[in-house]
Each structure stands twice: as C-alpha cells, then as structure tokens.
Amino acid sequence: MDNGIGSVDRPKAVRNGVVACPAAFHTSSPAPTIPSAEATLGSHLARRLVEVGVSDVFAVPGDFNLTLLDHLIAEPGLRLVSCCNELNAGYAADGYARAKGVGACAVTFTVGGLSVLNAIAGAYSENLPVICVVGGPNSNDHGTNRILHHTIGLPDFSQELRCFQPVTCHQVVINNLDDAHEQVDKAIATALRESKPVYISVACNLPGVPHPTFFGNPIPYCIVPRQSNQMGLEAALDATVEFLSKAVKPVMVAGPKLRVAKAAAAFAELADASGYAVATMPSAKGLVPETLPRFIGTYWGAVSTSFCVEMVESADAYLIAGPIFNDQSSVGYSFLLKKEKAVIVQPERVTVGNGPTFGCVMMKDFLSELAKRVSMKRNTTAFDNYNRIFVPQGLPRESEPGEPLRVNVLFKHIQQMLTGDSAVIAEAGDSWFNCQKLKLPDGCGYEFQMQYGSIGWSVGALLGYAQAAMGKRVIACIGDGSFQMTAQDVSTMLRCQQKSIIFLINNGGYTIEVVIHDGPYNVIKNWNYTGLVDAIHNGEGMCWTAKVRIPTFVHGIRKLASLVKADQSMDGAVAYAIQATCEEELTAAIETAKGKQDCLCFIEVVVHKDDTSKEVLEWGSRVGTANSRPPNPQY
C-alpha cells in the first residue's frame, strides 16, 4: 500500500542513518530556516508523521503528554483525534494503518502506555506499522531515585519500556535533544521498513524546547526497498518452475503476509499468467481481488468455502504466498496439506517442497518473475475440475412475515449492500465466518484481526479505518459481547462525523467462546444498545433512535422517512439506532441507512443465541479439541 513516503525505486543517499531522497542533496540554495519557536522536538515529530502519510493521531491526554499534544495540534497537516481510552486509540491506529499504510497514537506514561499495550501487540501480530508515542517523565527525574505517580511505585522508570520491547520492532527513550532528531527518524523509518509498531517515549519537558538540530527543515527521506539477491532469486525461480512443471493440477493460495510484502498485485499477476485456481487464507481476504477469473474462495481447512478445500488439498502442488499457519487458521491443526507438495513464499524467502530454502528473495520480485516464466505453460486443470464439481450455494429460505430474524438472512442483505466504495470490518466471533462468505466487489475493502483475535478490536479499528478511508462507507459487523468491551468510542466516530454503518448482532453472549467451551461466563448482561447510542450522542447534532416492532413497524418506518426528509438540511453528525427483529424491519432499516450517506447508522439485530453459522460450529469443535488435548506423559 502506498504510504505517501515517495518513490522508493531510485538509489538514495544516507545521512545519520536516515535514507534521503537524492534531490535533497542537489540544490544550490540552503535549506530554509525554521523560526526558533517552531524548531522544537514536538514540531519535528509532527512534521515527520505528516511526511510519512499520517494525517490523524489517535490520542488520550495525560499530564506527561500534554505539551507534546500541543505541538501535534499545531502542525497544519495533522489532526488530533481524542479517544475515550488508550486501548481504543491503539485499535484506531491499527485500523488507520490498514487503510493508509501507517498509523499513530499518543498516550501518557505507564498508565496510558500499559493500557495501549494490548492494541500495539495486536498490530505487531498483524504486521502493521503503528507509531506509538508516549509522553514520559521529566528528563531531570531519570536517575534521581525518585518515585513518580503513574508508576508502580519504584524509582526504576523502565517498566513501560520493557513491556513494549517484545511487541515493537524498535524503541527509543528521548531524554535529551542532542540526538533526538536521529532517534525520531530512525524509529519511524524502522516502523515503515519492518512493517511493525515502534515505541517513542518523549520526556514531558522537551517537546517545546528549541534546538539547533531542528532549525532546518528535515531532509525528506524514503525507505530503501530491500533488494533480492539476484543469484538467489534465479535459483529460487529455477527450482520453483521445475517443481511446478511436474504438477498436473497446481493451485495458488494467498496468505496475510502479502500485505507486508506489498505483493498483492504481483500475486494477481501470477494468477493471471499461470492459469492456476486461486484461493485465499481467511486472514488474507480482501488482499487480492475476488473477481480474479479463477478465484475459488477461502481456504480454511474444514470450514473452507464450498469445494475450495477439495481443490486445494487434492492438488499435487500448491504455491502459498505469505501464509501464517496457527491453530485457528488451520482449524485446530487439521489442515491436510503436505510440505513436499508446497512452495511456501514468505516476504523474504522461498521454500520448495522439503527443501531447499532460498533467502534474500523478495516475494514481490519472485512472484512477478515467476509470472513471466509460467505464462508459456498455463495450467487451468485445477480450476476446470472445480467447475465440474461446483454447485452454487443456495440462498437462505424465505422468511415468513414477522418471523424472528436469522443471521443468514442478515448477511444476505449485507451482501447486497456491498460496492466498490464499501469496506467491511469483521469482529472476532461468528462474524468472522459469515463475513468470509461475502463476495467482495472490486475495490471493496475487508479487514479483521485473526492472528491476535482481540475481542472488541473492531470498534476502535472501525474508527481508525473510516478516518483514513474517507471515500468509503465502512460496514462493521460486531457482536454484543465485543461491543460491550469498547463501545465508548462510538462517541469519537460521531465527533469525527463518520458515516459508517454498524450492525450490532445481539445474541446474548460470547458465541465464539460458546462453541469452543460453554459455561455461564459466556452469558452477558443485555444492554439497551440503541438507547446507549442515543445517550452517547447526547443531542449534539441530531440522533434518531427507535425500536421498531411488529405490528407498528410500518408506521414507524413511515415516520422515519418523514424525519429523514425533514433533516436533509440540518448540519451536524446524525446517528440512527434501529433495532431489527424481523426481515421486514431489517430491510427498511438498511434502505434508510443506504439513503442517508452523511451520518453514522447503528442497526441492532436481535437473533437467537443459538443462531450461528455451520462453520463456527465446526471450527469451534475442532479448536476446542485442540485446546483440550491432554498433557504428554512426563518421564
């Protein structure tokens, strides 16, 4: 994804560890001088964030980061988005990075840092460059043996840093200004190069202090792209072509690391050139077009798209690009793949069968060059076989008038809502499986957090993704249990005048936990969710909430239509909260939401607690079995 850093195709000059665009060194005039009032650490950090493509920083104020926030606000190209808590700020930076290529959040020392830590760990697991900025203690307090507030009561201030070390690829603690510009630049460059989060701690008394290193505009910098070793690339291509040429019915499978390798286009190029049938792992949904001519669906072991698993696991060769094989993606380690049949392409290495492995081979280069080599020997056998056995999936049975709403009916209507200007956010739970079955039009975005699977992620991620993807209307599918964890930042969506559509699926508990291992702890207190949204909106702008029920729903919808007409000229954010209990009500609610393009729409969908997809039942039983394996004998 383009992250706004500029061209990375030309050789770059290097200065102080920062990669600079060549034009910066071929100018006859000196760099413009920045006024002393703006030549500060806070201003430098803000300018760097803007330069790499960050327009919004998700923040929670605290006494250690207030001065730093002043400088972020003062940067013309930067908007500070105040969140309700640090966890959601981190989730929002995660969602923003998915849409824009890089995200940022700003919190205070320890109480804020440890609160955002869970979200940063999730971004690390999903290979997302998130810049986490923390306002730290006064530089004079380090090494003084003092005990500060917001800490655990020890004079050692390194606890927060030590907690961040395992979940970030680079950490800096800025306690003086002499090398602060280099520390900031190196941290941001590392985040972009590694596609992982970084931690930047800034002493609370330093953001506004001028320093000579900030008096000139920072040298524009770009990230040097990693280059393939040409001999290794050629050897990997030779071995792969020989391997694939012996296969009768090869297939291709897209994995989630296509994102970090920036190789989605190269993967599609190879799919077109080779003629192979194409599937995606569930966590790669949305990374490659589902409109590819030989796309056969999601490969997810026993819960795959119909007929997809048969084609993949019966193939005599499979090229899998950027996979992550864990217990959830493999459905309790129940994949029927064989290593000797696989070409595994990771971002920087290729493994052919049981060996050899070729290092220093970039996925993007490898897939593009392989497309050229296999184009003369196209092989559509696997897809031809798929066409022979494929039976179109049936539609849900028609609902009776007034019949309680079913989940499969809900997702039938969500499918009809999708366009190239849409995006889908799927929360952990049954929405994972129902959203996997959606067929994405060209240009339709899709995001969910599978590797980390943090329940509640979607609310903050929706906030960040929608803030970055202003041209898309984002549709979020969130369970009631997940929503209860992070609901507060619906208020931030309203403050930002976002126009997403939230489907709150109310089935009374943690369904995904129920199918793994049930117990009374999976049942939650029911909320008046539409009333909550009304309370959050608090009459600012306009909020319309209703619980439309049979037999009065027709009157209610007519009243809604008249209200929408009356509100066309009103300014301010608008939230619609609708509780749907049957298909007729759902259809009317969706039509209203589609017609009102400039507001946030919240549609509560009430379904039976046991109404789940067949896939989550199968997946849950297999994952539960894997979790409950007895311990190996101890000798």
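To be clear, the structure that these remarks concern was listed above.
A short tour of the structure in this document, coming up. A quick note: this is a predicted structure, and the numbers were derived from the prediction, not measured.

Another aspect to go through is the packing of aromatic side chains. Inspection of every chain in the model, using the stated rule, returns 15 aromatic pairs. With a centroid separation of 5.8 Å and 35 degrees between ring planes, the pair formed by W527 and Y529 is classed as tilted. When its relative accessible area of 0% is taken as the criterion, Y529 is described as buried. Sitting over the ring of Y124, K196 keeps its end group 3.9 Å from the ring centre. Sitting over the face of the ring of Y446, K285 holds its NZ or CZ atom 5.5 Å from the ring centroid.

A word on the environment of V209. Turning to its location among the elements, V209 is positioned in the loop between β8 (198-203) and α7 (230-245). Residue class for V209 comes out partly exposed when judged on its relative accessible area of 33%. Placed 32 residues apart in sequence, V209 and L177 show a C-alpha to C-alpha distance of 8.5 Å. In this structure, V209 is in contact with A39, T40, L41 and L177, ignoring residues within four places of it in sequence.

Moving on: the pattern of salt bridges. This structure, assessed with the given rule, holds 22 salt bridges. In this structure, K246 and E242 form a salt bridge, with 3.8 Å as the shortest nitrogen-oxygen distance.

The interhelical angle for the contact between helix α9 (residues 264-274) and helix α11 (residues 363-374), taken along N-to-C directions, is 15 degrees, at an axis separation of 8 Å. With respect to each other, α9 and α11 are oriented roughly parallel. Every pair of crossing elements has a handedness; the one defined by α9 and α11 is left-handed. Counting all contacts with α9, which are made through A266, F267, E269, L270, A273 and S274, the residues of α11 involved are K364, L367, S368, L370, A371 and V374. Class assignment for the residues of the contact of α9 with α11 results in eight nonpolar, two polar and two charged.

Most of strand β22 (residues 600-606) is tucked away, with six of its seven residues classed as buried. Pairing of strand β19 (residues 501-506) with β22 involves six bridges; the strand directions are parallel. Looking across to β22, one finds that I502 is bridged to F602.

Secondary-structure assignment places K285 in the loop between β10 (277-280) and β11 (295-298). A relative accessible area of 3% means that K285 is categorised as buried. A polar atom in the side chain of K285 sits 3.1 Å from the backbone oxygen of Q436. In this structure the side chain of K285 is engaged in a polar contact, spanning 2.7 Å, whose partner is the backbone oxygen of L438.

Glancing now at the sheet that holds strand β13 (residues 342-346). Two modes of strand pairing occur in sheets, parallel and antiparallel, and in both the strands are linked by backbone hydrogen bonds. Read across the sheet, seven strands follow the order β11-β10-β9-β12-β13-β14-β15 without closing on themselves; strand pairing throughout is mixed. Edge strands, defined here as strands with exactly one partner in the open sheet, are β11 and β15 (357-359). The sheet shows a mean angle of 15 degrees between the axes of neighbouring strands, direction not considered. Inspection of the sheet shows β10 paired to β11 by three bridges, in the parallel sense. Considered in β11, the bridge of V278 is made with F295. Packed onto the sheet, α7 meets β12 (318-321), β13, β14 (349-352) and β15 and runs at close to 30 degrees relative to β14.

Definitions and cut-offs
- Residues numbered from 1 in each chain as written.
- Predicted model: local features only at pLDDT ≥ 70, side-chain atom pairs only at ≥ 80, totals over all residues.
- Heavy atoms only, no water.
- Phe/Tyr/Trp six-rings, centres within 6.5 Å; stacked < 30°, edge-to-face > 60°.
- Buried < 20%, exposed > 50% of the residue type's maximum accessible area, 1.4 Å probe, protein only.
- Lys NZ or Arg CZ within 6 Å of the ring centre and 35° of its normal.
- Helix = DSSP H or I, 4+ residues; strand = E, 2+ residues; numbered from the N terminus.
- Contact = heavy atoms within 4.5 Å.
- Salt bridge = Lys/Arg side-chain N within 4 Å of Asp/Glu carboxyl O.
- Axes fitted to C-alpha atoms, helices over the stretch in contact; angles between N-to-C directions.
- Parallel < 35°, antiparallel > 145°, perpendicular 65-115°, else oblique.
- Left-handed = near helix turned anticlockwise from the far one by under 90°.
- Nonpolar A, V, L, I, M, F, W, Y, C, P; charged D, E, K, R; others polar.
- Pairing = 2+ DSSP bridges.
- Polar contact = N/O pair within 3.5 Å; in protein donor to acceptor, adjacent residues only side chain to side chain.

That is the geometry; function is a separate question.
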